[in-house]
Amino acid sequence: MIAKRREPRLVDRLVVDAEAERRELVAGLMRENAAISPKYFYDEVGCALYGAICRLPEYYPTRTEVGLFQARRAEIAAAIGPGRQFVDLGAGDCRKAEGWLPFVAPSRYVAVDIALPEIAGALERLGADFPGLERVGVATDFSHGLDLEGILDAGPALYFYPGSSIGNFTPDEATAFLAGIHRQCATRPGSSLLIGVDGKKEKAVLDAAYDDALGVTAAFNRNVLRHLNAKFGFGFDLAGFSHVGFYDEREGRIEMHLESLREQAVRPDGHERRCRRGERIHTENSYKYAPA
């Protein structure tokens, strides 16, 4: 008997205060140590570039995690148990979760991401192989809190957060985020978290992973400026900035920056920001953790 195909449900919980967003962004650019939030990486082009990064030979996290999942999938699935609500945090194209669905037989699949168009397309694609599965897409910036009220029921949930994205939070932010997941698990007995955390390793390995020979990571980093130009009308010259990515052993984190190649000025919303040659705009951290 062929299951009747269910249509996915999309919930947009992105709180958009356009003026507040612009003020926050301009304030970050006008600081002495300028910074742009990494959430601006993920427009349509950025999502495609990130997908390409995950297939690069230098970028070990994806294939390492795939190998671990393949080797331990049955053991992990047994620990999770069947029939949970499957909450995929930072779902993207949903392909990481897709491999788990036959093994954990979830009661519903909830894809959570900041990029609604990408998860909408992915949920539609999943309908071909999982036609009877309830599929929900939630657009939200969960770095500010994970609001799933009215989407999850009181049953147990698996919170799935692979790919070492927890490293993009500062340690204090990561602690607060995980505490929030713990509170949600506590109200749903039998719930759990399956998370990927990247370990500390040799600087040369980490440097190469975030500054690949082909320049895909460089394009991904510079694309944040193209996204800001398109969304806010900023006047960044992409050719005027180069990608810098390196592992800071003292801080235990990768840092990504955009370095000005010359003296130049940008004028976000009429506020002039002069960039000296060699000055950097900080775009992302990725903390690496020891097992302890």
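The preceding data block contains the structure.
A brief structural summary.

Brief notes about the sheet that holds strand β2 (residues 85-89)
Part 1: Reading across from one edge, β1-β4-β3-β2-β5-β6 is the order of the six strands in this open sheet, with parallel pairing throughout. Each having just a single partner strand, β1 (9-12) and β6 (192-195) make up the two edges of the open sheet. Direction aside, the axes of adjacent strands within the sheet are offset by 20° on average.
Part 2: Examined bridge by bridge, β1 and strand β4 (residues 134-139) share four bridges and lie parallel to one another. Considered in β4, the bridge of Leu-10 is made with Gly-137.
Part 3: Across the sheet, helix α6 (residues 116-126) is in contact with β1, β3 (108-113) and β4; its angle to β4 comes to roughly 175°.

Thoughts on the sheet that holds strand β7 (residues 241-248)
Part 1: Taken in spatial order, the three strands make up an open sheet running β7-β8-β11, and their pairing is antiparallel. Edge positions in the open sheet fall to β7 and β11 (280-287), since each of these has one partner strand only. Pairwise comparison of adjacent strand axes, ignoring direction, gives a mean angle of 20° for this sheet.
Part 2: Two strands pair when backbone bridges link them, and β7 and strand β8 (residues 253-260) are joined in this way by eight bridges, in the antiparallel orientation. Among the inter-strand pairings, Tyr-247 is bridged to a residue of β8, identified as Ile-254.

Digging into the pattern of salt bridges
Part 1: Applying the stated rule across the entire model yields 23 salt bridges.
Part 2: In this structure, Asp-198 engages Lys-288 in a salt bridge whose closest nitrogen and oxygen atoms are separated by 2.7 Å. Here the residue Asp-198 occupies a position in the loop between β6 and α8 (203-209), and Lys-288 occupies one in the segment after β11, the gap between them amounting to 90 residues.
Part 3: A salt bridge links Arg-273 to Glu-279; its shortest N-O distance comes to 2.2 Å. Each member of the pair, Arg-273 as well as Glu-279, is classed as buried.

Analysis parameters
- Residues numbered from 1 in each chain as written.
- Predicted model: local features only at pLDDT ≥ 70, side-chain atom pairs only at ≥ 80, totals over all residues.
- Heavy atoms only, no water.
- Pairing = 2+ DSSP bridges.
- Helix = DSSP H or I, 4+ residues; strand = E, 2+ residues; numbered from the N terminus.
- Axes fitted to C-alpha atoms, helices over the stretch in contact; angles between N-to-C directions.
- Contact = heavy atoms within 4.5 Å.
- Salt bridge = Lys/Arg side-chain N within 4 Å of Asp/Glu carboxyl O.
- Buried < 20%, exposed > 50% of the residue type's maximum accessible area, 1.4 Å probe, protein only.

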